[in-house]
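# Structural characterization, general
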Amino acid sequence: MKVFPNMNFRQFISVWCATAIVWPLLLVEADANSDTVSPDQKSAWQLNPLPPVNPESVALGQALFFDPQLSGPGTMSCATCHIPSLHWADGQSFNNGVNGNRLGRHTPSVINSARYGFLFWDGRADSLHAQALVPVRSSEEMDLSLSQLQQRVADSRSYRRAFRRAFGDDQVDMDRIAQALADFQSTLVCDDSRFDQWVAGDDQALSVDEVAGFKLFVAEDKGNCAVCHQPPTFSDDGFHNIGLSSGSGGDPGRYGVVPLRIVHGAFKTSQLRDIAHTAPYFHDGSASTLAEAVRHYVDGFETDTNLSPSFKPANLEPSEIDKVVSFLESLSCDTQRFAGFPVP
């Protein structure tokens, strides 16, 4: 007998990760009072390379990503909300859809999104390919039917040439459009931060305070952040209600996809690389700085309604919060790496 008959295995795991039961963090635990972090503890956070993608498909995907013809009135592209100079976020708590309506959730950055097991704050897509066209056809976002999208792209001689280079012929279909968009987004990575250099063996890459912040971040009796922001991506690919009032009110979060009470008001655990460049934070954009985001876990939650059982208040003094923030800032990548992309 199936316990959850309407859930596939990935959905079951996402619900399981929202409970108090988590994988043992044997390789990431660190004593906040210790002077050193072992090589094994560092190696747990090293990213594996992503698989290579077809460069012609990437070029096609980039053209599509920046094309406002992917929206109904032809005024909004993917890059309208995912802005290169803002590290593929938009710097706002909430952006507007193509018809001027305020969107219901904060725009996350697409950096490192190829490493996510689930996309969107509620995890309604399980791959970049599955995610790619959801905003396009959403009446709240870009408001273009897929049949109109296919026709617009197929009517373009330059796009047909690009499809031929990417796929061997000029057939335009939804699967290829989604694949090209996914391939382009998979190249938007942050994997060479000073933290990444440090875990790879450069002991001088981080300052004393940044190393101290990392140890506070992972220590169970201090920040306990790694209970959800797990190695190597800083995400458990799970969904948690972290005590924001917006999660206990009208936004059901993961519950809208998997209607089980335990995930009501639960949202996807964000990865943290490049996080210093993508404020504001949380699904409702309610924290304008990293310090505010950390203090949310220290000062007590806004509400304990259906709070994830994995959570407990972080045991951090003000000076320790500063060190955790310094560590989070060390996860940033070069601010010039995305400078060559078009301005939306």
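Provided above is the structure to which this section pertains.
Residues numbered from 1 in each chain as written. Predicted model: local features only at pLDDT ≥ 70, side-chain atom pairs only at ≥ 80, totals over all residues. Heavy atoms only, no water.

## Some details on the state of the cysteines
Applying the stated rule across the entire model yields one disulfide. Cys190 shares a disulfide with Cys333; S-S distance 2.0 Å. Across the disulfide from Cys190 to Cys333, rotation about the S-S bond amounts to roughly 85 degrees, and the bridge is consequently right-handed. Here Cys190, found in the loop between α8 (174-186) and α9 (194-199), pairs with Cys333, found in the segment after α13 (318-329); they are 143 residues apart in sequence, far enough to count as distant. With respect to class, Cys190 is no different from Cys333; both count as buried. The structure places no disulfide on Cys78, whose sulfur is separated from the nearest cysteine sulfur, that of Cys81, by 9.0 Å. (Disulfide = S-S within 2.5 Å. Helix = DSSP H or I, 4+ residues; strand = E, 2+ residues; numbered from the N terminus. Buried < 20%, exposed > 50% of the residue type's maximum accessible area, 1.4 Å probe, protein only.)

## Description of the pattern of salt bridges
Under the counting rule described, the total for this entry stands at ten salt bridges. With a shortest N-O distance of 2.7 Å, Arg105 and Asp251 are connected by a salt bridge. Here the residue Arg105 occupies a position in the loop between α3 (55-65) and α4 (128-131), and Asp251 occupies one in the loop between α11 (245-248) and β2 (267-268), the gap between them amounting to 146 residues. According to the relative accessible area criterion, Arg105 is buried, its value standing at 19%. Classification of Asp251 as buried rests on a relative accessible area of 14%. Among the charged side chains, a salt-bridge network with shared partners connects Arg105, Asp122, Arg124 and Asp251. (Salt bridge = Lys/Arg side-chain N within 4 Å of Asp/Glu carboxyl O.)

## As for α3
Of all the residues in α3, the buried ones are Ser57, Val58, Leu60, Gly61, Leu64 and Phe65. Along the axis of α3, the buried residues cluster in a sector spanning 165 degrees; they form a single face. Buried residues along α3 sit against α6 (146-154), α7 (157-167) and α8. Between a side-chain oxygen at the N-terminus of α3 and the backbone nitrogen of Glu56 the separation is 2.9 Å; the capping residue is Asn54. (Arc of directions from axis to C-beta. Contact = heavy atoms within 4.5 Å. Polar contact = N/O pair within 3.5 Å; in protein donor to acceptor, adjacent residues only side chain to side chain.)

## A few points about the packing of aromatic side chains
In total, this model carries 22 aromatic pairs according to the counting rule given. Taking the centre distance of 6.1 Å and the plane angle of 10 degrees together, the rings of Tyr297 and Phe311 count as stacked. Note that Tyr297 is positioned in helix α12 (residues 290-299) and Phe311 in the loop between α12 and α13, a separation of 14 residues in sequence. Judged by relative accessible area, which is 23%, Tyr297 ranks as partly exposed. Phe311 sits in the buried class, given a relative accessible area of 18%. Among the aromatic side chains, those forming a connected cluster through ring pairs are Trp45, Phe195, Trp198, Phe214, Phe217, Phe234 and Phe327. Its end group placed over the ring of Phe239, Arg254 keeps NZ or CZ at 4.3 Å from the ring centre. (Phe/Tyr/Trp six-rings, centres within 6.5 Å; stacked < 30°, edge-to-face > 60°. Lys NZ or Arg CZ within 6 Å of the ring centre and 35° of its normal.)

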